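Structural characterization, general
Next come the chains, spelled out residue by residue.
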Amino acid sequence: MKNQSRQENIIYLAVWSVIFLAPLLSYYVRTVNDSSLSFDWMEMMIVWKQFGIYLLLFAIHNFLLAPLLIHQHKRLLYFTAVGAIVAGFTFYQCSHRPKHLGERHRMEQFDKHPMKPHDGRPFMDDAPPFMEGEPPFMDEGRPPMDDGHRPPEFGDGHRPDMPVPKHVPPAVIGEHNIIAIILLLLMFGANLGIKGYFKSRDDRKRLQALEKENLEQQLEYLKYQINPHFFMNTLNNIHALVDIDPEKAKDTILELSRMMRFVLYEGDKKGVPLTKEFEFIRTYIQLMKLRYTDKVTISVDLPQKVPDGQIPPLMLITFIENAFKHGISYQHESFIDVKVEISEKLLFTCRNSKAETPNQEKGGVGLQNVTKRLNLLYGNNYTLNIEDKADIYHVELAIPLNS
């Protein structure tokens, strides 16, 4: 949030610096190109004063009003406050008309009745011709005109009817006021746009961080559920070996120790090398074979030449666990076939026979958890097909390899 505020303020500082420097540079260039002009700081201060009003209103909108709409969603309060500011700004603009505008208005009125020269003297266009015998225009000592006539004197009853310019009051809201209000509204709109952009960007980053954190928590939760299930099955195997072959049980404990080391140091990573994952699968299957007789046929086909790709740890072992749990019958011949092929993707297949009285937990926590992991890790970039027939259970999984 602080980084967002810093970037936003830098943008505002740059824009307002350009706004205040632009008239200064323009005025300076004019004085350099035209030697008859001199740099006048008073004129520049008048321009900056008007800019200062905009800057003050911008600061009020940026720090007080805009957060009401962008962050707090108080629309009524925001638009009420903005309306009050615009109304106050309009009143200020109308009550502080520049002096040159009043002079220009009077000049426009007099320009409607221009003065034209007549015998070397200016007279009004509509003035009547001078009549003989009328009193002089100025004073008695002034000589008469060339034709013997004197101009009429103001103040007597024979003065000409000259048109008097009508006084037209200025408009309440002039053109320059309308432009100033439009600029103010555009400034507020640009401020809202910038704030909205930074907020949406910050929201996206926060959402991505929350999704990533949630993903990691879910994956950790799923791993903690899978690991106890796996070790429970392995310990049951060792327990069965203690009475049958104690020496074999000791060796099995060492193998279990290596497997635990893999789970502890590799299981919390996002990906592990394929060689380590395949070694883990071979060790697990070797331990499971110790429990069963020759009636169970177990085949494992893993690539001998393994590329440098990676796979999420303990991803495939869940399907193999499920095959041993639900596919082995102690009364009839059973089989489990595990195969892995690697091309552009990793293709894992696991086929197993089905026991006559399968465990009621079929498709339970382990299989559900691995499906959730696949959805979280790959989204739609994987395929999982499960065929549950009367006597065969077939799993086919294709996932991309991480480099």
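Residues numbered from 1 in each chain as written. Predicted model: local features only at pLDDT ≥ 70, side-chain atom pairs only at ≥ 80, totals over all residues. Heavy atoms only, no water.

Quick look at the pattern of salt bridges now. Per the counting criterion, the structure on display carries nine salt bridges. A salt bridge links Lys 195 to Glu 8, with the shortest nitrogen-to-oxygen separation between them at 2.9 Å. Taken together, the residues span a long stretch of sequence, with Lys 195 in helix H5 (residues 175-244) and Glu 8 in helix H1 (residues 2-33) at a distance of 187 residues. Lys 195 sits in the buried class, given a relative accessible area of 10%. (Salt bridge = Lys/Arg side-chain N within 4 Å of Asp/Glu carboxyl O. Helix = DSSP H or I, 4+ residues; strand = E, 2+ residues; numbered from the N terminus. Buried < 20%, exposed > 50% of the residue type's maximum accessible area, 1.4 Å probe, protein only.)

Ranked by internal contacts, the top residues of the largest apolar core, which has 44 residues, are Ile 320, Phe 324, Leu 346 and Phe 348. Element by element, the count of residues in this core is highest for helix H7 (residues 274-289), at eight residues. Leu 346 has contacts with Leu 274, Phe 278, Ile 311, Leu 316, Val 340, Glu 341, Leu 397, Ala 398, Ile 399 and Leu 401, leaving out every residue within four places of it along the chain. Listed in part, the 24 residues of the second largest apolar core include Ile 70, Val 82, Ile 181 and Leu 192. (Core = buried A, V, L, I, M, F, W, Y, C linked by side-chain atoms within 4.5 Å. Contact = heavy atoms within 4.5 Å.)

A separate point is the sheet that holds strand S8 (residues 383-388). Reading across the sheet, the five strands line up as S4-S6-S7-S9-S8 and stay open at both edges, with mixed pairing between neighbours. In this open sheet, the two edge strands, each paired with only one partner strand, are strand S4 (296-301) and S8. Each strand of the sheet is rotated relative to its neighbour by a mean of 5 degrees, with strand direction disregarded. The sheet contact formed by S8 and strand S9 (residues 392-400) spans six bridges and is antiparallel. Residue pairing in the sheet places Leu 384 in a bridge with Leu 397 of S9. Against the sheet, helix H8 (residues 317-327) engages S4, strand S6 (334-342), strand S7 (345-353), S8 and S9, with an angle of about 10 degrees to S7. (Pairing = 2+ DSSP bridges. Axes fitted to C-alpha atoms, helices over the stretch in contact; angles between N-to-C directions.)

Moving on, we come to H7. Taking 1.5 Å as the rise per residue, H7 with 16 residues should run 22 Å; its terminal C-alpha atoms sit 23 Å apart, in good agreement. Every buried residue of H7 is listed here: Leu 274, Glu 277, Phe 278, Phe 280, Ile 281, Thr 283, Tyr 284, Ile 285, Leu 287 and Met 288. (Expected span 1.5 Å × (residues − 1).)

To continue, consider the environment of Asp 40. Its location among the elements puts Asp 40 in the loop between H1 and helix H2 (41-70). For Asp 40 and Tyr 28, which are 12 residues apart along the polypeptide, the C-alpha to C-alpha distance reads 9.7 Å.

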